[in-house]
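Here are the chains, one letter per residue:
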Amino acid sequence: MGVVTAEIQGAVGYEVYLRSFADATGDGVGDLHGLRERLGHLAWLGVDIVWITPCHPSPLADHGYDVADYLDVSGEYGGIEALDRVFEAAHELGMRVLLDLVPNHTSNRHPWFEASRADRDSPYRDYYIWRDPAPGGGPPNNWVSHFGGPAWTYDEHSGQYYCHLFLPEQPDLNWANEAVSAEFEAIIEFWLGRGADGFRIDVAHALAKHPELPDLPPAAVRGEADPDDLMTVFDRLEHVYDSNRPEVLEIYRRWREVADAHNGLILGEVYLLESDALAPYVAARDGLHLTFWFAPLHLRADDADGLRRALAEGCSMAPGSVAWITSSHDSSRAATRFGGGPLGRARALAVAALQFGLPGVAFLYQGEELGLEDVEVPPDRAQDPTATRAGAPHRSRDVARTPMPWEPGGGLGFTSSERPWLPLGDRDSADTVAVQRDDPDALLHRYRELTGVRHTHLMDSEVPVEWLTNEGPVIAYRRAKLVVAANIGAEALSWQPPGSARPLWRSSPRPPAPEGTLAPGEAVWLELHN
Ligand code: TEU
């Protein structure tokens, strides 16, 4: 399976949404000095791999997912030396650092795009996807942007359209051009040589496009688009030519060689919700080391059967190659999605407990360890382009991106600024790291114990997962002597392990559940005696 994949088995990952993690400079925006000062929290929690969202210079049309220079770090975050210090401090604490690599598109302010747009004869013209208008005028095909509207913008100056699967400020690179491949291999070499331990690869499924850019067929089953929600148009098309093209796998084969030469890790944000489609990205163990598996991130609170299926499907891919995730900066937080309040928080912990017993890497998103719920962001404070531009405020990702609550008081220990870039929301002192650390009953300690049992009960990724329930709100499985069970329903249910066992970890429901039952949202880890 390769050195890196073997080394990271059983690891715990953590997503740092940099702008909202810790602000050391008092400007209301999180930065790398702030992150370095708070790395001790992550080490204490048991984190092995820290993924930092993009920190490169950017006009911030999509909060850093529009990169203007891949080889530097934004001054707003402290510049490149501040990132060097983060690498050093993380390594001293035994943690790896993954940068967020955005290879599907650049910023429209990247010098490559500026040169590409300025002159049709520039060598950079072919770094991007330019096409003449369709025969009667208008965009070259029916592709649409994730954020609504056509995936094409007309450039008056050069008389052609350019392709963008996200905002017009995020022009898509042309991965059929060898020069683009060479640029990214150099970028990967640069950061691995400078102290990064690998990359989370943004939109990893979409880099290669069908060379003829044919129209996309309509999706078979998804009904009519909502005219008030531009983002629904994207879901009404079958993404067979703009996504998941076979050529994309070749890109990761090349990156894998570069990464392995530096003991670096490549983790794809491969946003494909069927395991059959996703498996080829990791199956041959010659491409991505790891892929995120997003199916568990789209479930309703009470959909136990869907969750069981999503977990089992995740296990059906190459063992040890899945990065498990229940929350991210792109989705509503798990505690909210699973119903909010004490039950929502308990279910979020229960789902984490299920994922933490599985092979691969289990990720937490900042604040998940505190049981944080979404924050409602008023329209006049909205930042996310899905809210401000795509006509889909109810889909705004701002709700999961508000600042991390470290300590009680004015700026919650996040900032000394009066006006953080996103509001702090109605967090109370019991939500903060400092208060939860002092309270042995707080969720933070349950998450920390969970990372602990994951590490101490590490087993070979080939040890199969045997499902102990096939239906109903109790999800339980066994791997060798380990048994993990969770009740994600709203009622207490009776449940017995398949033999005598000693407890390794429990989610401590209040009031405690009687012997032989699991309370709503309760989860346990047990070790069978034989
Ligand atoms: O997200 C890409 C992506 O695939 C998701 O936006 C997905 O389409 C969506 O969650 C479906 O509901 C990445 C980043 O994580 C995101 O923050 C960026 O906005 C986006 O890429 C563009 O770079």
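Here is what the cut-offs are and how they apply
Residues numbered from 1 in each chain as written. Predicted model: local features only at pLDDT ≥ 70, side-chain atom pairs only at ≥ 80, totals over all residues. Heavy atoms only, no water. Core = buried A, V, L, I, M, F, W, Y, C linked by side-chain atoms within 4.5 Å. Buried < 20%, exposed > 50% of the residue type's maximum accessible area, 1.4 Å probe, protein only. Helix = DSSP H or I, 4+ residues; strand = E, 2+ residues; numbered from the N terminus. Contact = heavy atoms within 4.5 Å. Axes fitted to C-alpha atoms, helices over the stretch in contact; angles between N-to-C directions. Parallel < 35°, antiparallel > 145°, perpendicular 65-115°, else oblique. Nonpolar A, V, L, I, M, F, W, Y, C, P; charged D, E, K, R; others polar. Near = heavy atom within 4 Å. Polar contact = N/O pair within 3.5 Å; in protein donor to acceptor, adjacent residues only side chain to side chain.

Engineer: Even after reading the chapter, I still don't get the nonpolar core, so can you show me in this structure?
Structural biologist: Burial of nonpolar side chains together is a common tendency in soluble globular proteins. Counting 142 residues, the largest nonpolar core has Leu-83, Phe-184, Trp-191, Tyr-252, Trp-255 and Trp-525 as the members making the most contacts within it. Take this core: its biggest share by element is eight residues, from helix 11 (residues 341-356). Apart from residues no more than four positions distant in its own chain, Leu-83 is found in contact with Leu-32, Ile-52, Cys-55, Val-73, Leu-99 and Trp-191. Membership of the second largest hydrophobic core comes to 21 residues, among which are Val-144, Tyr-161, Phe-166 and Leu-237.

Engineer: Explain the packing of helix 2 (residues 32-45) against helix 3 (residues 79-92) to me, please; I cannot follow it from the model alone.
Structural biologist: Angle between the axes and distance between the axes are the two parameters that describe a pair of packed helices. Axis separation between helix 2 and helix 3 bottoms out at 9 Å; the angle between their running directions is 10°. The angle between the axes of helix 2 and helix 3 places the two elements in the roughly parallel class. When helix 2 is examined against helix 3, the residues Leu-32, His-33, Leu-35, Arg-36 and Leu-39 are found in contact with a partner set consisting of Gly-79, Ala-82, Leu-83, Arg-85, Val-86, Ala-89 and Ala-90. Grouping the constituent residues of the contact of helix 2 with helix 3 by class yields eight nonpolar, two polar and two charged.

Engineer: Mind showing me how you'd approach the site of the ligand here?
Structural biologist: Residues in contact with the ligand amount to 17 residues; listed here are only the nearest, Asp-62, His-105, Asp-202, Asp-330 and Arg-397. Take His-105: an N or O atom from its side chain is 2.9 Å from an oxygen atom of the ligand. Contact between the ligand and His-146: an oxygen atom at 3.0 Å from a side-chain N or O atom of the residue.

Engineer: It is not clear to me how the side chain of Gln-160 should be interpreted in this structure. Could you clarify?
Structural biologist: Inspection of the secondary structure assignment puts Gln-160 in strand 6 (residues 160-163). On the basis of relative accessible area, Gln-160 is assigned to the buried category, the value being 9%. Side-chain polar atoms of Gln-160 contact the side chain of Asp-132, separated by 2.9 Å. Beyond its immediate stretch of four places on either side in the chain, Gln-160 contacts Arg-120, Arg-125, Trp-130, Arg-131, Asp-132, Thr-153, Tyr-154 and Asp-155.

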